[in-house]
Amino acid sequence: MNFKSIFIAAVISLLTAAQQAAALEVDREVLPRTTLGGRVIATVDAVDLDSDPTHEDEINLEDSSVLMRFDKRMYQDGVAGAVIGFKTVEESLKFHQLFAFYWNQNINTEIGLTRVRNSIVEFPTIRDDDLLSYTHVGNASSNEEFDQLYGKHIAFDWFVDRKIQKVGIWTGTRGNEEGFDAPDGFDYYGAGYIYEQPEDFRYVKWIRHAGLVYDAQKVRVGGTDEWMGAWVAGIEFNLNMNPVNNWSMGLQAISNEGEGSVTAADISYTNPDAVSNQARAKYNSLVASLRYTGRPMLLTRWQVALTAAYKDYSDVNDATQMSIVPNVVYRLGQGVDLLAQYKYTDYGDGLGGGSDNTVQLGVSFSLEAMFNDNIGERDSIINLEHGYIK
């Protein structure tokens, strides 16, 4: 073989090797999986409120939302991405989900704006704020409804068995109302244990969901910062094992230690700072719900539920409140529900006395669409919103 032939063979070999190397190069601009979701809730509200006599009947669009999630599978293990979401809050649009995350079979971590982990059980009310003062540990530095539910945090969860049990820790900053004398920097932390069955096993396991959470927040009292804590315990369980005609129940209790200086005048609903003052007070609350879900041919079509709640402010005489909420949901089609709900609340004299009555009739439309799916998902993006039907 002469030199020319050797040269040509060497060139061909180098080109072939280069092509093989190029074929192994992964395009860095891989498109992420994209998930779009959201919900529109529209109700006609007829109200008679002793706690807010000026409140008029209205068309209520609160808690309508749009959600977007973008995620990619990582080189070694797990999935990372981000969630962007906004919802209607007091007739305006506001970001309520804006966080980055990473998860694999063992852990889940997230950082950014999302739900504060101050509740365990989702009760079958139309909106998550219908029984807000009973179901969530309040924000002692804000009277805004949004700040009772959402805040910035960094959270880490470990899936104990890679399936249905997890323990978590978190810390962050809750929203502080503008002009409010509130602590600076990180103002809350928490830890908890959660047990939750996947949706496929919701009707065939006795315990659907259970947990225990400790929530601590920093409050400003007399110009100094103090910490106060609350325990939250909850459970959802089936009363029968029939996935066609299912009966289930939910229970949750909150015990808040308070900061010790709250008076009757502070927590009366006539006080403009009643919401934050009630969050500072020592109290115990209990919520219970009974739910019937009709699922002919294993297709959810209707739900009838009754939820009762009770709250007692321990350091103030006759400072109790009680609510009863019956409601009906009828599913017209996938993600389209007719809604009807009545809410009655009675206040003890220590909270101002009187009662509130609210009747709501409306419709809800939910959607979820996924594009470029090559991952497989642990949770639906709609689970970021309040689940009124299960």
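Our subject is the structure listed above.
For the structure given in this document, a descriptive report is provided here. Please read all numbers here as calculations on a predicted model, not as lab measurements. (Residues numbered from 1 in each chain as written. Predicted model: local features only at pLDDT ≥ 70, side-chain atom pairs only at ≥ 80, totals over all residues. Heavy atoms only, no water.)

Together, Phe-156, Trp-158, Val-160, Val-167, Ile-169 and Tyr-193 make up an exposed nonpolar region whose accessible area comes to about 520 Å². Those elements that provide at least two residues to the nonpolar patch are β7 (150-159) and β8 (165-174). By the element assignment, Ile-169 lies in strand β8. Its relative accessible area of 52% is what places Ile-169 among the exposed residues. (Patch = residues over 30% accessible without salt bridge, like charges linked within 9 Å, V, L, I, M, F, W, Y side chains within 5 Å. Areas by Shrake-Rupley, 256 points an atom, 1.4 Å probe, with all protein chains shown as cover. Salt bridge = Lys/Arg side-chain N within 4 Å of Asp/Glu carboxyl O. Helix = DSSP H or I, 4+ residues; strand = E, 2+ residues; numbered from the N terminus. Buried < 20%, exposed > 50% of the residue type's maximum accessible area, 1.4 Å probe, protein only.)

A separate point is a negative patch on the surface. On the surface, a cluster of negative charge is made up of Glu-90, Glu-91, Glu-144 and Glu-145. Relative to the elements of secondary structure, Glu-144 occurs in the loop between α2 (132-135) and α3 (145-149). Owing to a relative accessible area of 31%, Glu-144 belongs among the partly exposed residues under this scheme. (Lys, Arg positive; Asp, Glu negative; His and termini not counted. Charge placed at Lys NZ, Arg CZ, Asp CG, Glu CD.)

Tallied over the entire structure, the rule returns eight aromatic pairs. Considering the side-chain rings of Tyr-189 and Trp-227, the 5.2 Å spacing of their centres and the 55° angle between planes classify their relative orientation as tilted. Here the residue Tyr-189 occupies a position in strand β9 (residues 188-196), and Trp-227 occupies one in strand β11 (residues 224-238), the gap between them amounting to 38 residues. Over the aromatic face of Tyr-188 sits the side chain of Arg-174, whose NZ or CZ is 5.1 Å from the ring centroid. (Phe/Tyr/Trp six-rings, centres within 6.5 Å; stacked < 30°, edge-to-face > 60°. Lys NZ or Arg CZ within 6 Å of the ring centre and 35° of its normal.)

Another aspect to go through is the pairing of strand β4 (residues 79-89). Across nine bridges, strand β3 (residues 65-73) lies against β4 in antiparallel orientation. Considered in β4, the bridge of Lys-72 is made with Ala-80. What sits between the antiparallel neighbours β3 and β4 is a turn of five residues, in which Gly-78 has the positive phi angle 90°. Pairing of β4 with strand β5 (residues 92-103) involves 11 bridges; the strand directions are antiparallel. (Pairing = 2+ DSSP bridges.)

Scanning the entire structure with this criterion turns up 13 salt bridges. Asp-215 serves as the salt-bridge partner of Arg-174, at 2.7 Å between the closest nitrogen and oxygen. Highlighted residues: Arg-174 in strand β8 and Asp-215 in strand β10 (residues 207-221), separated in sequence by 41 residues. Each member of the pair, Arg-174 as well as Asp-215, carries the same accessibility label: buried. A salt bridge links Glu-236 to Arg-291, with the shortest nitrogen-to-oxygen separation between them at 3.9 Å. Taken as a pair, Glu-236 in strand β11 and Arg-291 in strand β13 (residues 283-294) lie far apart in primary sequence, 55 residues in all. The exposure classification of Glu-236 matches that of Arg-291, with both residues buried. The network of salt bridges with shared partners includes Glu-122, Glu-236, Arg-291 and Lys-390.

What follows is about the nonpolar core. Ile-120, Val-137, Val-232, Ile-267, Tyr-313, Ala-319 and Leu-351 are the most contacted members of the largest nonpolar core, which has 27 residues in total. Within the residue set of this core, elements represented by two or more residues are β9, β11, β13 and β14 (302-313). (Core = buried A, V, L, I, M, F, W, Y, C linked by side-chain atoms within 4.5 Å.)

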